[in-house]
Amino acid sequence: RRRAEVRLWDVLWELVLERSRPVHGAGKPDVVDTLCRTIELRLSQPLRVSELLGELSLGVSHNHLLRLFRARTGTSILDYIRRRRVERAGHLLQHSTLSIKGIASQVGLADLHLFNKTIRRILGASPRDVRAGKAKPRSRRTGI
């Protein structure tokens with residue numbers, strides 16, 4: 001039952017992302033959009049930027065893609081991954097009954113100590129406090 005609930009949230013999350021994604025060119029997916037979509041689909045897995053870029057074969061050089069990504073998102077790929085994991089964790093903490101350990105695993109931060117530390121640093125509160133609605137918003141500079 002919990003697995004189905006998490007999968008449902010994943011599908012809903014994907015639908016929201018799909019609707020908010022801009023279309024570039026004549027039906028051809030943008031390389032940054034393709035990378036972001038791949039990251040979203042693999043958030044629960046260990047992600048290495050070099051492996052992602054090599055695997056996707058996006059038709060641009062590694063350095064050019066890094067520049068395009070930063071220009072579009074205003075952040076590095078690693079920071080983007082970290083931010084997306086924390087956003088999804090915050091969403092699951094507030095809108096699901098999954099255990100904190102289960103949520104940590106779902107967002108690719110299976111080490112509970114690292115998960116707690118990351119959530120506390122970026123959201124300004126412990127995962128329990130985030131779940132209880134006690135998180136204080138932090139400025140973008142201090143979090144990521």
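Before reading further, recall that the structure is shown in the block above.
Residues numbered from 1 in each chain as written. Predicted model: local features only at pLDDT ≥ 70, side-chain atom pairs only at ≥ 80, totals over all residues. Heavy atoms only, no water.

Novice: Lay out the overall build of the chain with the relevant residues and their values.
Specialist: The helix and strand inventory of the chain stands at nine helices and zero strands. Going from N to C terminus, the chain has its helices and strands arranged as α-α-α-α-α-α-α-α-α. The burial tally for the chain puts 38% of its 144 residues in the buried class. Nonlocal contacts in the chain, meaning residues at least 24 apart in sequence, comprise 54% of its contacts between residues at least 6 apart. (Helix = DSSP H or I, 4+ residues; strand = E, 2+ residues; numbered from the N terminus. Buried < 20%, exposed > 50% of the residue type's maximum accessible area, 1.4 Å probe, protein only. Contact = heavy atoms within 4.5 Å.)

Novice: Can you break down the environment of L66 residue by residue, with the values?
Specialist: The topology assignment puts L66 in helix α4 (residues 62-73). Each C-alpha atom of the pair L66 and V32 lies 9.1 Å from the other, and the pair is 34 residues apart in sequence. If we ignore the near neighbours within four places in the chain, the residues touching L66 are L53 and I77.

Novice: Summarise the pattern of salt bridges; cite the residues concerned and give the values.
Specialist: Per the counting criterion, the structure on display carries nine salt bridges. Here E55 ties to R42 by a salt bridge, and the two come within 2.4 Å at their closest N and O atoms. Here E55 is found in helix α3 (residues 49-56), whereas its partner R42 is found in the loop between α2 (31-41) and α3, with 13 residues between them in sequence. Each of the salt bridges in this network shares a partner with another, and the network as a whole consists of E40, R83, R84, E87 and R88. (Salt bridge = Lys/Arg side-chain N within 4 Å of Asp/Glu carboxyl O.)

Novice: Outline the packing of α2 against α3, supporting the account with residue identities and numerical values.
Specialist: Interaxial distance between α2 and α3 falls to 11 Å at its minimum, and their mutual angle equals 120 degrees. Classified by the angle their axes make, α2 and α3 are oblique. Of the two elements, α2 crosses α3, and the hand of that crossing is right-handed. Between α2, through L35, T38 and I39, and α3, the contact on the second element is made entirely by L52, L53 and L56. A breakdown of the residues in the contact of α2 with α3 according to their chemical character gives five nonpolar, one polar and no charged. (Axes fitted to C-alpha atoms, helices over the stretch in contact; angles between N-to-C directions. Parallel < 35°, antiparallel > 145°, perpendicular 65-115°, else oblique. Left-handed = near helix turned anticlockwise from the far one by under 90°. Nonpolar A, V, L, I, M, F, W, Y, C, P; charged D, E, K, R; others polar.)

Novice: Account for the nonpolar core, naming residues and giving values.
Specialist: Ranked by internal contacts, the top residues of the largest apolar core, which has 17 residues, are L35, I39, L65, F69 and I77. If you tally residues by element for this core, the top one is α2, at five residues. The residues contacting F69, other than those within four sequence positions of it, are V32, L35, C36, G74, T75, S76, I77 and Y80. Counting residues in each nonpolar core, the second largest holds 16 residues, with A89, L92, L98 and V107 among its members. (Core = buried A, V, L, I, M, F, W, Y, C linked by side-chain atoms within 4.5 Å.)

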